[in-house]
Amino acid sequence: MNKQNPMLRLWALGGKEQGRLKAAVALACVGVACGMLPYAAAARIIIGMLDGVRDMAFYAGWCAAAMAGYALRTVLYNMALALSHQAAFSILKHIRELVLAKLPRMPLGTVMDTSSGTIKQIIADQVQSMETPLAHLLPEMTSNILGPVFILLYLFFLDWRMALLSLASVPAGMLLMMPAMIGYGKKYEGSVAASQAMNAAIVEYIGGIEVIKAFNQGQNSYAKYAGRIRENAAYYYNWMKSCQLPVSLSKAVSPTTLITVLPVGWILYLGGSLPVDTFITSVILSLGIAGPLLAAMNFVDSLAKVGTIVGSVDEILNGKEQIHPMEPVPLRNRDICLHQVTFGYRPDQEVLHRIDLKIPEGTMTALVGPSGSGKSTIARLIAGFWDVEKGTVTMGRYNINDMPLEQLYSQIAFVSQDNYLFDDTIRENIRMGRMEATDQQVEEAARAAGCDGFIRQLERGYDTVAGSGGTHLSGGERQRIAIARAILKDAPVIIFDEATAYIDPENEALIQQAVAKLTQGKTVIVIAHRLSTITGADQIAVVNDGRIEALGTHETLRKSCPLYESMWQAHLGAKDGDAVC
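The structure displayed is predicted, hence computed values, not measured ones.

About the cut-offs
- Residues numbered from 1 in each chain as written.
- Predicted model: local features only at pLDDT ≥ 70, side-chain atom pairs only at ≥ 80, totals over all residues.
- Heavy atoms only, no water.
- Core = buried A, V, L, I, M, F, W, Y, C linked by side-chain atoms within 4.5 Å.
- Buried < 20%, exposed > 50% of the residue type's maximum accessible area, 1.4 Å probe, protein only.
- Helix = DSSP H or I, 4+ residues; strand = E, 2+ residues; numbered from the N terminus.
- Contact = heavy atoms within 4.5 Å.
- Pairing = 2+ DSSP bridges.
- Phe/Tyr/Trp six-rings, centres within 6.5 Å; stacked < 30°, edge-to-face > 60°.
- Expected span 1.5 Å × (residues − 1).
- Axes fitted to C-alpha atoms, helices over the stretch in contact; angles between N-to-C directions.
- Left-handed = near helix turned anticlockwise from the far one by under 90°.
- Nonpolar A, V, L, I, M, F, W, Y, C, P; charged D, E, K, R; others polar.
- Salt bridge = Lys/Arg side-chain N within 4 Å of Asp/Glu carboxyl O.

### Quick look at the nonpolar core
Then comes step 1: Counting residues in each nonpolar core, the largest one holds 43 residues, and the members touching the most others are Val368, Ile430, Ile455, Ile534, Ile540, Val542 and Tyr564.
Then comes step 2: Among the elements that make up this core, the one with the highest residue count is helix α22 (residues 475–489) (seven residues).
Then comes step 3: Among all residues touching isoleucine 540, those that are not within four sequence positions of it are Ala366, Val368, Ile534, Ala550, Leu551, Gly552, Thr553, His554, Leu557 and Tyr564.
Then comes step 4: One finds Leu21, Leu92, Ile123 and Tyr188 within the second-largest nonpolar core, a separate group that totals 38 residues.

Written out as structure tokens, the structure is:
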């Protein structure tokens, strides 16, 4: 597929704002035409003075025309900028909405494999940097190019020789600029990569500050963080240094139109082939050519950036997503079946191998096994976080790939060992389970999850801000709030992925009782490292190396599955160790 021109792609992203941008360009062009009046007026005034005109009305008229032209140009230019800025910020908002709407539709693994620093830079920094091409490039660059074009057309109308003379210094300046322009797009891509590496290092350093302090790795971690910043600064310094000489020479040579216009024009005048009024008009108008063109060249930087920025945005917008139908399916039950499921996060890394598992509606199924055996992967496939391409996962006999994602997500409440809390109040974090829930329902869910007590002891109770990622709360507190969120959602299928991993023994019994009451009649899938919490499960699947090694109840597995028995004995030993402590 041919890659679309970046500016055309940016224009396409403009959507309904294209009308405003066109109006901005039109106003800017009319403003340019009005801006030529002061030049023409100055020429007529000088010619009048040389011709000995003493009528003050003549000079007053041309002065008024010059002022009117300048005023109209200013008003129209500002109107154009106002329209283009309104359109630009609306387009930036639209692009961010498209990206943010796209992320939930992408497989979770794709998002997780991209650093948060990179995603932040694309959504915040790179999209924001499109403001200049959108709000300024179209009206300003258009007017800065059209102004000299109109002047040149008029000069060619007056005398083609003077028109060519007024152009002589501009190409020379452009040629001097060429060394800085060669490979500009590639260099900008390199600057984006350097900035992304720096952002990722910053996010990693701040996010891992607790581990850095705990393991006394401040010096090593800071060295990596500081190194990325120095690399970013060095890249920009070396790039700008290489551009300094050609850019300076170009800006010094390009405006020197009088070097050719004055001497050659004077010779032509003396020779009688150039009228004095044409000579004077050409001198004055030539002064208005180079300035706007140099201003237009300032947007070359923006044009070079557009390709990289649009490419980064399109990498997300055109990324692979979970394609599901929009029409809900009529679920008669919530039996879940995995048939010959083979899955890997990457093509060369297979995690699950031909998994067969049936989870009847209204039962509790536990997934146990060594760390890294594939338990969480099975749970996440059932939840629809990735699409299964080899084998099938069905709910109520419907392949979940054929269900709308919204319908699938509404059927499942997922509580993992690393639940994220938003930088909002505890009440609103619980309400994420069901946004229309009342305050009373939120508090009832919290009581059921055993977290009402500690919440009310906080300084502002339910209105206490959890902090980014829940940093103001302990791991056990965050876990209980996540369980309250799932309880409030009241979904027919509940998945607990190591959900009690951070809960202290004093509260574990309370949580288990609450969960037991609230999961009655629901399909429950539990991944637990504490085997004592799942001894009453209807069935226990022992997962080992991406395969279901055994399936049965607690008692039957103790007799028939050596791996399960060894895990049970290890669990008992760990409990005895805790008791001794």
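After that view of the structure, there is still more to cover.
### Quick word on the pairing of strand β10 (residues 547–552)
Then comes step 1: The pairing of strand β9 (residues 539–544) with β10 spans five bridges and is antiparallel. Residue pairing for β10: valine 542 is matched across the bridge by alanine 550.
Then comes step 2: The hairpin turn running from β9 into β10, its antiparallel successor, is two residues long, and aspartate 545 in that turn takes a positive phi close to 55°.

### A look at the side chain of threonine 278
Then comes step 1: Assignment of secondary structure puts threonine 278 in helix α14 (residues 276–286).
Then comes step 2: Those residues in contact with threonine 278 that sit more than four places away from it in its chain are Leu158 and Asp159.

### Concerning the sheet that holds strand β2 (residues 352–359)
Then comes step 1: Read from one edge to the other, the open sheet built from four strands follows the order β2-β1-β4-β5, with strand pairing classed as antiparallel. The sheet terminates laterally at β2 and β5 (398–399), the two strands that pair on one side only.
Then comes step 2: By the bridge criterion, five bridges tie strand β1 (residues 336–343) to strand β4 (residues 390–395) in an arrangement that is antiparallel. Its bridge partner being in β4, histidine 339 is matched across the sheet by threonine 392.

### What about the packing of aromatic side chains?
Aromatic ring pairs: the centre-centre distance and the angle between the two ring planes describe each pair.
Then comes step 1: The tally for this structure, following the rule as stated, stands at 12 aromatic pairs.
Then comes step 2: With 6.3 Å between their ring centres and 15° between their planes, tyrosine 269 and phenylalanine 279 make a pair best called stacked. Residue tyrosine 269 is located in helix α13 (residues 258–270), and its partner phenylalanine 279 is located in helix α14; the two are separated by 10 residues in the primary sequence.
Then comes step 3: Between phenylalanine 385 and phenylalanine 414, the ring centres sit 5.2 Å apart and the planes meet at 45°, which makes this aromatic pair tilted. Of this pair, phenylalanine 385 sits in the loop between α17 (375–382) and β4 while phenylalanine 414 is found in strand β6 (residues 412–415), placing the two residues 29 residues apart along the sequence.
Then comes step 4: Of the residues examined, phenylalanine 385 reaches a relative accessible area of 22% and is grouped as partly exposed.
Then comes step 5: Pairwise contacts between aromatic rings join Tyr235, Tyr236 and Trp239 into one cluster.

### Considering the side chain of serine 286
Then comes step 1: Mapped onto the elements of the fold, serine 286 is located in helix α14.
Then comes step 2: Setting aside residues no more than four positions away along its own chain, serine 286 makes contact with Ser166, Thr257, Leu258 and Val261.

### Brief notes about helix α2 (residues 18–35)
Then comes step 1: Counted at 1.5 Å a residue, the expected span for α2 with its 18 residues is 26 Å, and the 25 Å between its end C-alpha atoms agrees.
Then comes step 2: Restricting attention to buried positions, one finds in α2 the residues Leu21, Ala24, Val25, Ala28, Cys29, Gly31, Val32, Cys34 and Gly35.

### Observations regarding the pairing of strand β7 (residues 493–497)
Then comes step 1: Counted residue by residue, β7 has five buried out of five residues, so it is predominantly covered.
Then comes step 2: Burial of β7 is two-sided: the residues Val493, Ile495 and Asp497 facing one way and the residues Ile494 and Phe496 facing the other way are all buried.
Then comes step 3: By the bridge criterion, four bridges tie β6 to β7 in an arrangement that is parallel. Counterpart to alanine 413 in the pairing with β7 is isoleucine 494.
Then comes step 4: Here β7 runs beside strand β8 (residues 523–527); their pairing, made up of five bridges, is parallel. Its bridge partner being in β8, isoleucine 494 is matched across the sheet by valine 524.

### As for the packing of helix α3 (residues 37–50) against α14
What describes two packed helices is the angle between their axes and the distance between those same axes.
Then comes step 1: Axis separation between α3 and α14 bottoms out at 9 Å; the angle between their running directions is 145°. For the pair α3 and α14, the crossing hand works out as right-handed. Here Tyr39, Ala40, Ala42, Ala43, Ile46, Ile47 and Leu50 of α3 lie close against α14, whose contacting residues are Val276, Asp277, Ile280, Thr281, Ile284 and Leu285.
Then comes step 2: Taken together, the residues of the contact of α3 with α14 break down into 11 nonpolar, one polar and one charged.

### Overview of the sheet that holds strand β3 (residues 364–368)
Then comes step 1: Reading across from one edge, β6-β7-β8-β3-β9-β10 is the order of the six strands in this open sheet, with mixed pairing throughout. Taken across any chain shown, the strands that pair with only one partner, and hence form the sheet edges, are β6 and β10. Each adjacent strand pair in this sheet contributes to an overall mean axis angle of 15°, direction not counted.

### A few points about the pattern of salt bridges
Then comes step 1: Within this structure, the stated rule accounts for 18 salt bridges.
Then comes step 2: Glutamate 428 is the salt-bridge partner of arginine 431, the closest N and O atoms lying 3.1 Å from each other. With arginine 431 and glutamate 428 both in helix α19 (residues 426–431) and three residues apart, this pair spans about one turn of that helix.
Then comes step 3: Exposure remark for arginine 431: the relative accessible area of 10% places this residue in the buried category.
Then comes step 4: Owing to a relative accessible area of 26%, glutamate 428 belongs among the partly exposed residues under this scheme.
Then comes step 5: Here arginine 558 ties to glutamate 565 by a salt bridge, and the two come within 2.9 Å at their closest N and O atoms.

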